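Close look at the chain arrangement
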Amino acid sequence: MNKNFILADSVGIQVENNYYDLHNCFDLVGLEVDFIFNKVRVRFMPNDKECSKDGDLTISFSGVDYLDVSPGVLKNMVRDVAEVGYKNPEDFDHDWLLAEDRMNKADHLFFRMAGDEYIRVHGDSAKLGKV
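Given the structure is predicted, the values throughout are model-derived calculations rather than measurements.

Take Asp21: it is sitting in strand S4 (residues 18-21). Take Asp21: its relative accessible area is 15%, and that puts it in the buried class. A distance of 2.8 Å separates the side chain of Asp21 from the side chain of Asn24, its partner in a polar contact. When near neighbours in sequence (up to four residues on either side) are disregarded, Asp21 contacts Val11, Gly12 and Phe26.

This paragraph deals with the pattern of salt bridges. One pass over the full model with this rule turns up seven salt bridges. Note that Asp116 and Arg112 form a salt bridge whose closest N and O atoms lie 3.8 Å from each other.

This paragraph deals with the packing of aromatic side chains. In total, this model carries three aromatic pairs according to the counting rule given. Between Tyr20 and Phe26, the aromatic rings sit 6.4 Å apart at their centres with planes inclined by 75°, giving edge-to-face as the arrangement. Residue Tyr20 is classed as buried on the basis of its relative accessible area of 6%. Here the aromatic rings of Phe110 and Tyr118 are separated by 5.3 Å at their centres, their planes lie at 15°, and the arrangement is stacked. Here the two residues Phe110 and Tyr118 agree in accessibility, since each one is buried. Here Lys3 stacks its cationic end above the ring of Phe5, 5.3 Å away from the centre of that ring. The lysine or arginine in question, Arg120, covers the ring of Phe92, its NZ or CZ lying 4.6 Å from the ring centre.

Now for the environment of Leu128. Note on placement: Leu128 falls in strand S12 (residues 125-130). Judged by its relative accessible area of 10%, Leu128 is buried. Residues Leu128 and Phe5, spaced 123 residues apart in sequence, show a C-alpha to C-alpha distance of 6.6 Å. Residues within four places of Leu128 in sequence aside, it is in contact with Asn4, Phe5, Ile13, Val15, Tyr20, Leu57, Thr58 and Ile59.

Below, the discussion takes up the sheet that holds strand S9 (residues 81-87). The pairing of strands in a sheet happens through backbone hydrogen bonds and is either parallel or antiparallel. Strand order in the open sheet made by the four strands is S8-S11-S10-S9, with antiparallel pairing throughout. Sheet topology places strand S8 (66-69) and S9 at the edges, where each strand pairs with a single neighbour. The average undirected angle you get between the axes of adjacent strands in this sheet is 10°. Direction of pairing for strand S10 (residues 108-113) relative to strand S11 (residues 118-122): antiparallel, over a ladder of four bridges. If you follow Phe111 over to S11, its bridge partner there is Ile119.

In terms of nonpolar packing, the biggest core is built from 31 residues, with Phe5, Leu22, Phe44, Ile59, Phe61, Leu109 and Phe111 touching the most fellow members. The set of elements that each furnish at least two residues to this core consists of strand S3 (12-15), strand S5 (26-34), strand S6 (39-46), strand S7 (57-62), S9, S10, S11 and S12. In this structure Leu22 touches Val11, Gly12, Ile13, Phe44, Leu57, Val81, Val84 and Phe111, once residues within four positions along its chain are discounted.

Each value, and the rule that gives it
- Residues numbered from 1 in each chain as written.
- Predicted model: local features only at pLDDT ≥ 70, side-chain atom pairs only at ≥ 80, totals over all residues.
- Heavy atoms only, no water.
- Helix = DSSP H or I, 4+ residues; strand = E, 2+ residues; numbered from the N terminus.
- Buried < 20%, exposed > 50% of the residue type's maximum accessible area, 1.4 Å probe, protein only.
- Polar contact = N/O pair within 3.5 Å; in protein donor to acceptor, adjacent residues only side chain to side chain.
- Contact = heavy atoms within 4.5 Å.
- Salt bridge = Lys/Arg side-chain N within 4 Å of Asp/Glu carboxyl O.
- Phe/Tyr/Trp six-rings, centres within 6.5 Å; stacked < 30°, edge-to-face > 60°.
- Lys NZ or Arg CZ within 6 Å of the ring centre and 35° of its normal.
- Pairing = 2+ DSSP bridges.
- Axes fitted to C-alpha atoms, helices over the stretch in contact; angles between N-to-C directions.
- Core = buried A, V, L, I, M, F, W, Y, C linked by side-chain atoms within 4.5 Å.

See the structure below:
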């Protein structure tokens with residue numbers, strides 16, 4: 001997957017010199033799926049006044065060929081990001097995530113949410129943008 005960002009650590013995404021702490025500063029507020037154009041958008045909103053200067057963030061995936069959302073994300077409306085990493089497409093042991101330096105283009109981006117819920121997605125490209 002081609003990306004315009006890196007996972008700087010297990011809780012944050014970095015685009016150039018801008019670091020966004022998804023664990024402490026943002027909540028999941030939206031998940032949009034476009035079946036016709038194979039696109040997925042994952043949207044985050046600041047949850048703290050200090051972080052609000054960053055504004056809303058969206059990760060837009062195009063050419064999506066894999067999407068898995070655990071039932072509790074929607075059932076319980078889980079908003080808290082616990083960890084972000086990568087998973088090999090054949091690896092469904094969600095206890096261990098790969099860091100940026102160990103991932104390859106075939107790996108899925110994995111958002112571990114509170115309560116061990118998750119969003120797992122892969123596409124041709126992923127772009128982090130501000131809303």
